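What the coordinates show
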Amino acid sequence: MIRVQKPMTRAALLAVSAAGALVLLPGEAGAAGMYLTDRGVRPSSRGGAYIAGGDDLGAIAYNPAGVYEAGTQVLIDAGLVEWRSQYTRQALLRQVDPNTGEPTGASFVQTMEPVTGSAPVQPIPTLAASLQVDRQWVVWGGMWAPYAVASSYPEQVKGMPAPQRYALLTMEGSALAFLGAGAAYAPSPAWRLGASIGVLVGAFNSRMVASGCVPERMFCAPEDPEWDIQSELSVGPILAPTGQLGALFVPSRAWRVGLAFQLPVWVRAPATIRARLPAAPVFERAVVEGEDADVSFDLPWILRAGVEARVVDDLRVELGLGLEGWGMHDDILVEPEDLVLRDVAGFPEEFRAPAIEYPRRFESSFSARLGGEYSVELAGRRWDLRAGVSFEQSAVPPEYLSVLTIDATKVTTAAGLGVHLGRWRLDASYAHVFAAGVTVDPGDARVPQVSPVRANPPENPNFINGGAYSARANVVGLGVAYTFEAAPEQTAQKKQD
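Note that the structure is predicted; figures quoted are calculated from it, not measured.

On to the overall build of the chain. Counting its secondary structure elements, the chain contains 3 helices and 28 strands. Sequence separation of at least 24 residues holds for 74% of the intrachain contacts in the chain that already meet a minimum separation of 6. Of the roughly 20,600 Å² of accessible surface on the chain, 58% is carried by carbon and sulfur atoms.

Spelled out as structure tokens, the structure:
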């Protein structure tokens, strides 16, 4: 048990503050909703059009059937993501009768100071290896991370508490990756089948601000800094299973058709929460017992299809489509484990934290990709010139958009280069993400302020996500692949060429 004497004393916060921070865990291969753009140096330089044309270890995140054509290979690459966002919050202020505390019906919109979000530029890797065990089977294993960012926002703006603090301060310290293994099988020259199993592993950290104000019980305002609760959430270890199935049909050298299905990611993880309780006098003698909670939510299934044409020598062009089932990401459930708040003035002696469902209300999204590569001989070397473009529909309804998950309809343009040096291939890529700006009318906003001292949802919640959002990103990638032994079909094709 910890007795809180001053505002700077740290204690375990009730678990509801966890819900508001646990919303940027990324999905594996869907760029809507939770991360920026398609991953992998070679695939991203084709705009993510890699479902039918994937023929190396880069296909592990797109279509495991394509890994058959990698043969025995090792692939190492990394993407560097430079990301910026801007948010100008708008809040709907309602006039209240000072005698009754009831709304009078009058309201106006307050526009606050803009804030800028950023993230550290760190390498996001792929490490994978495959083995051709016989003419029909290739097995592989690897580690890869989605192109996501651990965003941070200021704590203060012009000497005042930052307006976005009730959604997010920082996610620094988070580290997530996928570990997976799979196999690809060629039952005939025209077919490849693939399957993989994987697990999302790592830890997630975030800091945000909750409110200790309960207007119907206390003389306070929900966004009065004196009632702010600074919270820090640590989730982990995360071990969330998933899997993928894929097929590749090659009726001729000129055409390839790919289809892949990504299973959902089921996240069930323990969490601990630490906090700095408010400076308000009612919390002067507050005591918190316990700090543990369980967090659960689901990330979507993804269906991908692609057709690649090779009707012109040395030119490959693919059209890919995707459907992401973000509708299953409806809420985040936080279940406290015996978290109790004692000795808060005006409250029962013992207040037990209830389970909280934090609303997300994501929707299924559609994406399309067009990309390819053209091979030329130059200076005695084979060079692959790559380019692509993708369109991705947002999975986040505007009324549930926040700085935790800034997602909008996106267009990504990309280009890249590969050079073959014997068994080696060196790759480089660049992509720019153009995201549409989104304005959330304060009257339509539906992300509520988190308050860990409420037993029941308020009749008139304080919604915190109104305002104007914008974001953009640049992605630079470098990679290397070494092929010990090409797949039989690949060897035969090179001889024909």
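The next subject is the pairing of strand E6 (residues 123-132). Going residue by residue along E6, you find Ile124, Thr126, Ala128, Ser130 and Gln132 tucked away on one face and Pro123, Pro125, Leu127, Ala129 and Leu131 left uncovered on the opposite face. Hairpin geometry of E6 and strand E7 (residues 137-144) is characterised by an intervening segment of 4 residues between the two adjacent antiparallel strands.

Bringing the state of the cysteines into the picture now. Overall, the coordinates contain 1 disulfide when judged by the stated rule. In this model, Cys213 is linked to Cys220 through a disulfide, with the two sulfur atoms separated by 2.1 Å. Between Cys213 and Cys220, the disulfide has an S-S torsion of 85° and is therefore right-handed. Each member of the pair, Cys213 as well as Cys220, is classed as buried.

Here strand E18 (residues 315-324) shows one buried face, formed by Arg316, Glu318, Gly320, Gly322 and Glu324, and one open face, formed by Leu315, Val317, Leu319, Leu321 and Leu323. Linking strand E17 (residues 302-309) to E18, which pair antiparallel, is a turn of 5 residues; within it Asp314 sits at a positive phi near 70°. As paired elements, E18 and strand E23 (residues 365-378) share 10 bridges and run antiparallel to each other. Bridge pairing in E23 places Gly322 opposite Ser367.

Enumeration according to the criterion identifies 32 salt bridges in this entry. Residues Arg46 and Glu308 are paired through a salt bridge, measuring 2.8 Å at the closest nitrogen-oxygen approach. Here the residue Arg46 occupies a position in the loop between helix H2 (41-45) and strand E3 (72-96), and Glu308 occupies one in strand E17, the gap between them amounting to 262 residues. An identical accessibility class is assigned to Arg46 and Glu308; each is buried.

Time to look at the confidence of the model for the chain. Mean pLDDT for the chain: 86, with 87% of residues reaching 70 or above. This stretch, residues 1-33, has a pLDDT under 50; its non-local contacts, to residues over four places away or in other chains, come to 154 contacts.

We now examine the nonpolar core. Leu57, Val67, Val81, Trp83 and Ile238 are the most contacted members of the largest nonpolar core, which has 99 residues in total. Once you skip the residues sitting within four places of it in the chain, Trp83 turns out to touch Leu36, Gly117, Ser118, Ala119, Val149, Ser151, Tyr153, Ala471, Arg472 and Ala473.

Rules behind the numbers
Residues numbered from 1 in each chain as written. Predicted model: local features only at pLDDT ≥ 70, side-chain atom pairs only at ≥ 80, totals over all residues. Heavy atoms only, no water. Helix = DSSP H or I, 4+ residues; strand = E, 2+ residues; numbered from the N terminus. Contact = heavy atoms within 4.5 Å. Areas by Shrake-Rupley, 256 points an atom, 1.4 Å probe, with all protein chains shown as cover. Buried < 20%, exposed > 50% of the residue type's maximum accessible area, 1.4 Å probe, protein only. Pairing = 2+ DSSP bridges. Disulfide = S-S within 2.5 Å. Salt bridge = Lys/Arg side-chain N within 4 Å of Asp/Glu carboxyl O. pLDDT = per-residue confidence, 0-100. Core = buried A, V, L, I, M, F, W, Y, C linked by side-chain atoms within 4.5 Å.

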